[in-house]
Amino acid sequence: MRRVVEYLTTRVLRSRLGVALGIAVLVLGVVGVARVVAGSEEGRSPLPGGAVPPISTTDAEASDDGLSVVEEPSPWTSPGAPEPTEVARSFAEAWLRHDGVTAARWRDGLRPYATAELLDKLARVDPAGVPAERITGEPRTVPVNDSLVEVIVPVDTGELRLGVQAEEGRWRVDTVNWQRG
Amino acid sequence: MAFPRRWPVRRAALAFGLTAVLALLCCAGGTAAFLMTMYAAEEDNPYALTLGCGTEGRIDVNGELPLVPPFDAQQMRNAAIIINVGIELDVPPRGWVIAVATAIQESTLRNLGHLGAANDHDSLGLFQQRPSMGWGTPQQVRDPVYASTKFYEKLLTVPDWQRLPLTVAAQAVQVSAYPDAYAEHEPKAEAIVSALTGGAGRADGASVELSCADGADIAASGWTAPIPGTVGSGFRTASRPSHNGVDIAAAKGTRIRAAAAGKVIVARCDPDNRGRLSCDVDGYPGKGGCGWFVDILHADDVITRYCHMVRKPMVKQNDTVRAGQVIGLVGSSGNSSGPHLHFEVHLNRDRSSRGAIDPVPFMRARGAPFTAEG
C-alpha cells in the first residue's frame, strides 16, 4: 500500500501526464460545480414574452414576409405647376413678412402656397410671434414619397422645415416646423 | 547539518502552498466568473428587466435629478417643476409629456428672460407666454410654477386632448406660427418624464393612477400596441435571419391600429416575386411581398410598417393618423400562410431593411408591449 502511494506521489503525479490529469480533474470539477449551482440550461422555462417556436402561420422557409419592393421616392409635379422647392420658398418669404401686418394680411400672403388644413391651424396665430426675419441660405429638399417632400429653409434663427404635399401634382405647404439653430 | 534535510521540506511546502493559491485563484476565480457571467446574462436579458410605469408622488426638485442628454441639471429641474405642477393639478401623465415637449420647443427648458432683439415679441419663460396676450404679468410668466399652471389650465380645456397628436394638443394651447414643431420633441419629453418619475412615460396616458398601459390604452409616450397578441416569430432569428420584423398571429379581420400618431407615407399593394399586384387574394409562402401594407412616419424619423392586410388599407398616402386609429384589417395577403400582422419598426426615416430594428424592446420601452390582452 505504502509503495503504491509512494509510486503515485513520486512518479505518476510528477510526470507530465500526471499534471495534465490533475488539471483536467480540476477543470471538470469547477465546471461541474458551476453547472450544479447555476442550474441546467434546458430546465428553464421560456422567458415570458420571448420569441418561442415560430408559429404555423408563417413559413420558416419563406424567410422574409416583409416588403419586396422599396421604391425610391420620385416627386411628381403637374406640367406647368411650380416645383415643391419653389412653393416652399414663396411660402417661407410670406411667413417671414410679419412685421406690422395684421393677422388677416399675413394669412392672405400664405394662402396661395398653403393647404386648407394648414390655414386652419394658423387661424388664430398672431404674426408678431414669427421667430425669424430672413432666409439665409439655399433651401434643401428631401423627398418622402411621390407627393410629399420636406423642404428645409435656413433662416437667421435656425431652420424652417416645411412639409410640402401635392394634390394631383400641385404642391402646397401642409406642415410648418421651426427649430432654433 | 540541518540544511540539507530541511530544504526539501520547505520546497515541498512552498510548492504545495503556491499550487494551492494558484488553484484557488484559478478555480475560485473561474467559478466566480462563471457565476457572474450567468448573472450578467440575466441582467442583459431584456425579458428579465422589469420596466416601471411611474412612482406616485412629487419629484424632489432640490434633490439630485437623473440627467437625460443633452439636458443639464437646471433643465431637468425645470422639467421636474412642470411635472410636479401636473401632479398637483391631477393632470394624467400624457399631459406632462405634452407640457415638457412644448417647453423644449419654446425655451429648451430654460426659464428665458427677455432676449433683446432676438426675442419673439414679448414672449417670456419656459413656455414663452406673452403678457400682451393675457397670459399674466412678465414676473408671473417667468415663474415656472405659474407658467406651467397656465399651460395645463388651457390644455385641459382642449376637447379630447389626451388622444390628439401631441403637436395638435400643444398648438391648441400655444397658437404659434409653427404648429407642427412640437411633435419632434415627443421622444425626448417621454424620456425626461420617465427618467424623473420611474417610468410614467409607459403608464396609461389618460389615467392619474400611473398604471402600466395595457391593451388598447395609449401610453403617455403616445404609443400603443397595433393588435392584441404576442410575438410568434421574432426579429432576425437564427432560422429567419432576414425577417426584418415580428409576426403576430390574429384572426382575419382583427383591427390593426396605428402604433403612434404620424403621417401615412405609403399605403399600397406590395408586388409579389413575379411583380403581380394581387393583394386581394390570400397569399402563400414563397409568393413574396408584404401584401396590402401601410408605412407611417412618426416623430423623430421613426417609421412603422404593417403588412398582409386582408384588403386595401383604410388610410391613404399622406393621411395624418392618431395613435390607435384603425388603419386596416388583419389578413394573409402576400408572402403568408395564414392571417397575421407582420410589424416592422425603422429608424432614421430609412424604409429599407437597413433601417429596421427589433420592434419588441422598442415597443416595450414606450409602454406598448405585445401582450395577449393587447
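Worth saying up front: this structure is predicted, and the values here are computed from it rather than measured.

## Let's talk about the state of the cysteines
As used in these notes, a disulfide is a covalent bond between sulfur atoms, one from each of two cysteines.
Residue and element names in this part refer to chain B.
Okay, so step 1: This structure, assessed with the given rule, holds three disulfides over all chains.
Okay, so step 2: Two residues, Cys-269 and Cys-279, share a disulfide whose sulfurs are 2.0 Å apart. Its S-S torsion of approximately 80° makes the covalent link between Cys-269 and Cys-279 right-handed. Pair noted here: Cys-269 is in strand 3 (residues 262-269) and Cys-279 is in the loop between strand 3 and strand 4 (292-297), with a separation of 10 residues, a long-range link.
Okay, so step 3: The disulfide bridge from Cys-290 ends at Cys-307, spanning 2.4 Å between sulfur atoms. Negative torsions about the S-S bond denote left-handed disulfides, and the value of about -60° found for Cys-290 with Cys-307 makes this one left-handed.

## Thoughts on the packing of helix 3 (residues 93-107) of chain B against helix 6 (residues 166-174) of chain B
Residue and element names in this part refer to chain B.
Okay, so step 1: Viewed as axis vectors pointing N to C, helix 3 and helix 6 meet at an angle of 70°, and their least axial separation amounts to 10 Å. What the angle tells us is that helix 3 and helix 6 run roughly perpendicular. Helix 3 and helix 6 meet at a crossing whose hand is right-handed. Of the residues in helix 6, those in contact with Arg-94, Val-97, Ile-98, Ala-101, Thr-102 and Glu-106 of helix 3 are Leu-166, Ala-169, Ala-170 and Gln-174.
Okay, so step 2: Tallied by class, the residues present in the contact of helix 3 with helix 6 amount to six nonpolar, two polar and two charged.

## Regarding the side chain of His185(B)
Okay, so step 1: As for its placement among the helices and strands, His185(B) is situated in the loop between helix 6 and helix 7 (186-197).
Okay, so step 2: Here Gln179(A) takes part through its side chain, which lies 3.2 Å from a polar atom of the side chain of His185(B).
Okay, so step 3: His185(B) has contacts with Gln179(A), Ala101(B), Ile104(B) and Gln105(B), leaving out every residue within four places of it along the chain.

The rules we used
- Residues numbered from 1 in each chain as written.
- Chains lettered and ligands numbered in written order.
- Predicted model: local features only at pLDDT ≥ 70, side-chain atom pairs only at ≥ 80, totals over all residues.
- Heavy atoms only, no water.
- Disulfide = S-S within 2.5 Å.
- Helix = DSSP H or I, 4+ residues; strand = E, 2+ residues; numbered from the N terminus.
- Axes fitted to C-alpha atoms, helices over the stretch in contact; angles between N-to-C directions.
- Parallel < 35°, antiparallel > 145°, perpendicular 65-115°, else oblique.
- Left-handed = near helix turned anticlockwise from the far one by under 90°.
- Contact = heavy atoms within 4.5 Å.
- Nonpolar A, V, L, I, M, F, W, Y, C, P; charged D, E, K, R; others polar.
- Polar contact = N/O pair within 3.5 Å; in protein donor to acceptor, adjacent residues only side chain to side chain.

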